[in-house]
Amino acid sequence: MIIIKTKEEIELMRESALIVSKTLGMLATEIKPGVTPNKLDKLAETFIRDNGAIPGFLGLYGCPSTLLTSVNEQVVHGLPTDRPLEDGDIIAVDCGAVLNDFYGDHAYTFEVGEVAEETKKLLQVTKESLYIGIRETKVGNRVEDIGYAIQQYCEKHGYGVVRELCGHGLGRKLHEDPEVPNYGKRGRGKKLVNGITIAIEPMINLGARNIRTLKDGWTIVTADGKPSAHFEHDVAIVDGKPELLSTFAYIYKALGIISNEEDEFRQVPLVL
């Protein structure tokens, strides 16, 4: 059952999402060759707790870490390790936090040093597909309209769209109804209405869409060993339109990137 949120609850969820946004922004300047995902994990846990929130993943479903860090061919759910990042790697950092009894949950795939052009393009297209999906998150549409838009855009570029994993409703629980796949058919799925809050998260492979799970029971990798990208935002439907609760603006500020990609999804401008 989809749990509809009031506007007041949505504003509390925005605060939760922004804790995650600030955490990813803090990590942005730490991600470089020689740094280990375990170090990033410790930095994130300290930052979240220092800001009055609780790590959202740590202990949930038995998760042993604050972050899920997926490097190169790892699609999602990569457990942090002591293997140092290398020049040319990419790392998807997925982070969750609980504040005001609500979850924030989103992800960004970072470049480590100088990354191959075909991998840069994968990241660019995957992030673009996220906003294409967000644009479909409005009253009158259905859940699979989101996935259809993401799928069409990514497959047009020759990429594999992961089927076994999907976005989800978000609220007092990390995973609520509805499931939000990154593929689908127009006009199919649950109807989108005001007050729905979801996490949209394209998981897109440079090669085929096939995946497998490693022996740790967590880390999911591409079956062909090619890189995968993952970007995620928290979105609510307010007054019929998508309202972005999370932001990549803290990441962009840290990295010196100028972007207006989020502006159309904010009724009130974000103040950093």
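Anything mentioned here points back to the structure above.
These numbers come from a predicted model, not from an experiment.

S.K.: Requested: an account of the sheet that holds strand β8 (residues 176–180), with residues and values cited.
M.R.: Strand order in this open sheet of five strands is β8-β7-β9-β14-β15, and the pairing throughout is antiparallel. At either end of the open sheet lies a strand with only one pairing partner, and these are β8 and β15 (241–244). For this sheet, the mean angle separating the axes of adjacent strands, direction not counted, is 30°. In the packing of helix α1 (residues 7–28) onto the sheet, contacts are made with β9 (197–200), β14 (233–238) and β15, and the angle to β14 comes to roughly 165°. In the packing of helix α3 (residues 117–135) onto the sheet, contacts are made with β9, β14 and β15, and the angle to β14 comes to roughly 20°.

S.K.: Can you tell me about the packing of α1 against helix α2 (residues 37–50), naming the residues and giving the values?
M.R.: Here α1 crosses α2 at 140°, and the two axes come no closer than 10 Å. Here α1 lies oblique to α2, going by the angle between them. When the axes of α1 and α2 are compared, the crossing they make is right-handed. On α2, the residues that touch I19, K22, T23, M26 and L27 of α1 are L40, L43, A44, F47 and I48.

S.K.: Would you mind going over the sheet that holds strand β6 (residues 160–161) in detail, with residue names and values included?
M.R.: Within a sheet, adjacent strands bond to each other through the backbone by hydrogen bonds, running parallel or antiparallel. Read from one edge to the other, the open sheet built from three strands follows the order β6-β10-β13, with strand pairing classed as antiparallel. At either end of the open sheet lies a strand with only one pairing partner, and these are β6 and β13 (228–230). Here strand β10 (residues 203–205) pairs with β13 via three bridges, running antiparallel. Looking across to β13, one finds that M203 is bridged to H230. Set on the sheet, α3 makes contact with β10 and β13; between it and β13 the angle comes to about 35°.

Reading the values: rules and limits
- Residues numbered from 1 in each chain as written.
- Predicted model: local features only at pLDDT ≥ 70, side-chain atom pairs only at ≥ 80, totals over all residues.
- Heavy atoms only, no water.
- Pairing = 2+ DSSP bridges.
- Helix = DSSP H or I, 4+ residues; strand = E, 2+ residues; numbered from the N terminus.
- Axes fitted to C-alpha atoms, helices over the stretch in contact; angles between N-to-C directions.
- Contact = heavy atoms within 4.5 Å.
- Parallel < 35°, antiparallel > 145°, perpendicular 65-115°, else oblique.
- Left-handed = near helix turned anticlockwise from the far one by under 90°.

Read these as geometric descriptors, not functional statements.
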